[in-house]
Amino acid sequence: MLQETRLHRIRALLSTLGQVSTERIIKELGISRETARRDIIELEAQGLARRVHGGLVALDATPEPPLTVRSSVMAREKRAIARAAAQLLQPGQTVFLDAGSTTTMLAEELRSMSGLTIITNSLNAALKLCAAEEHDALNNQVILLGGSMLAGAKETRGELTVGEIYRYRADVALLSPVALDAKQGASSFHTHEAAIARAMTEQAGRLILLADHTKLGLTSRMSYASIRQIATLVTDSGAQPLPAFNALKALLPQVLLA
């Protein structure tokens, strides 16, 4: 693995956790202790983090890394979460999907199902759902929400997107938060992402959150759903030892381990 890729992945962990131990870096990236030490020194030299005993601490709140980077972090866990979430859906349902690495994996899983109406602002998810020959019939109806796009964006956003969401009623919203906390609920870093997630939450009969264990017990800048609004959490087995997981399990109607 190239150092640039490793540094991106470590930054992805920092943006979610705020701090990360050397042991966590070694485990997540599958690298040696010496390589981890060099990467920690390099991130500090670039002014992106501060070294502390046993690891790194983020200097301040930073946006989520690009989707291409997030897709490679906790990929196995996210895939398991996506598969478990797909089992919660039934033909005939209308579902919202927001834009994220886990929901993109969920879109891949939903291709094998049929009879769903899937509404999303994610270009990646829509393309995964429509991956077929030109004249083939799709198993599901796919609706891509309109809206504004920025350079490099793989999602629609803005007032037009939020306005379109309010035209629909869905049975289920499947969303992937940046952070999930027992007191603060689900949150995102960007205002536009939180606005979309909030609208989908309000327009759905049931909210299912897809969050790997690194997101539990954390908060980000923009809250979009309270604990009372969450029907189901799907996370990975790595969450079991975490106090944050037990706090969420005590409050939520349904918690599933993938």
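Here, every reference points to the structure presented above.
Read on for an overview of the structure.

What counts, and where the lines are drawn
- Residues numbered from 1 in each chain as written.
- Predicted model: local features only at pLDDT ≥ 70, side-chain atom pairs only at ≥ 80, totals over all residues.
- Heavy atoms only, no water.
- Helix = DSSP H or I, 4+ residues; strand = E, 2+ residues; numbered from the N terminus.
- Rg over C-alpha atoms; globule rule 2.2 N^0.38 Å.
- Buried < 20%, exposed > 50% of the residue type's maximum accessible area, 1.4 Å probe, protein only.
- Contact = heavy atoms within 4.5 Å.
- Areas by Shrake-Rupley, 256 points an atom, 1.4 Å probe, with all protein chains shown as cover.
- Lys, Arg positive; Asp, Glu negative; His and termini not counted.
- Charge placed at Lys NZ, Arg CZ, Asp CG, Glu CD.
- Axes fitted to C-alpha atoms, helices over the stretch in contact; angles between N-to-C directions.
- Parallel < 35°, antiparallel > 145°, perpendicular 65-115°, else oblique.
- Left-handed = near helix turned anticlockwise from the far one by under 90°.
- Nonpolar A, V, L, I, M, F, W, Y, C, P; charged D, E, K, R; others polar.
- Pairing = 2+ DSSP bridges.
- Arc of directions from axis to C-beta.
- Expected span 1.5 Å × (residues − 1).

Section: the overall build of the chain
Summing up its helical and strand segments, the chain has ten helices and 13 strands in all. The globule rule puts the C-alpha radius of gyration for 258 residues at 18 Å, and the 18 Å found for the chain is close to it. The C-alpha extent of the chain, read off along each of the three principal axes, is 55 × 45 × 30 Å. Looking at the chain residue by residue over its 258 residues, the buried ones come to 51%. For the chain, the share of sequence-separated contacts (at least 6 apart) that also reach a separation of at least 24 residues comes to 65%. When the accessible surface of the chain is summed, it comes to about 12,200 Å², and 49% of that surface belongs to carbon and sulfur atoms. For the chain, the distance from the average site of its 28 positive side-chain charges to the average site of its 25 negative ones is 5 Å.

Details of the environment of A239
Positionally, A239 belongs in the loop between β12 (232-235) and α10 (243-251). Judged by its relative accessible area of 0%, A239 falls in the buried class. Put simply, A239 and A258 are 19 residues apart on the chain and 10.0 Å apart in space, counted from C-alpha to C-alpha. Contacts of A239, omitting those with residues within four sequence positions, involve H213, L216, F245 and L257.

Considerations on the packing of helix α2 (residues 22-29) against helix α3 (residues 33-45)
Where α2 contacts α3, the two axes come as close as 9 Å, and the packing angle between them is 115°. As summarised for this structure, α2 and α3 are arranged roughly perpendicular, according to the angle between their axes. Crossing of α2 against α3: the hand is right-handed. Listed contacts from α3 to T22, E23, I25 and I26 of α2 are R33, A36 and I40. Along the lines of polarity and charge, the residues of the contact of α2 with α3 split into four nonpolar, one polar and two charged.

With respect to the sheet that holds strand β4 (residues 94-97)
Strand order in this open sheet of seven strands is β6-β5-β4-β7-β10-β12-β13, and the pairing throughout is parallel. Either end of the sheet is taken by a strand with one partner, and the two such strands are β6 (141-144) and β13 (254-257). Sheet twist, expressed as the average angle between the axes of neighbouring strands with direction ignored, equals 20°. Most of the contacts of α10 go to β13, to which it runs at about 140°, and overall it touches β12 and β13.

Some thoughts on the sheet that holds strand β9 (residues 185-188)
Spatially, the three strands line up as an open sheet ordered β8-β9-β11, and their pairing is antiparallel. The sheet terminates laterally at β8 (179-181) and β11 (222-225), the two strands that pair on one side only. Averaged over all neighbouring strand pairs, the angle between strand axes comes to 35°, with direction disregarded. Pairing between β8 and β9: three bridges, direction antiparallel. Counted as the bridge partner of L180 is A186 from β9. Strands in contact with helix α9 (residues 191-202) are β9 and β11; relative to β11, the strand with the most contacts, it is inclined by about 10°.

Quick word on α10
For α10, every residue scored as buried is listed here: A244, F245 and L248. Around the axis of α10, the buried residues are gathered within 100° of arc, so they sit on the same side. Opposite the buried face of α10, by more than 90 degrees, sit the exposed residues P243, K249 and A250. Where the residues of α10 are buried, they touch β8, β12 and β13.

A look at α9
Across its twelve residues, α9 extends 16 Å between first and last C-alpha, which sits within 8% of the 16 Å expected from 1.5 Å per residue. Those residues of α9 that fall on the buried side of the exposure criterion are E193, A194, I196, A197, A199, M200 and T201.

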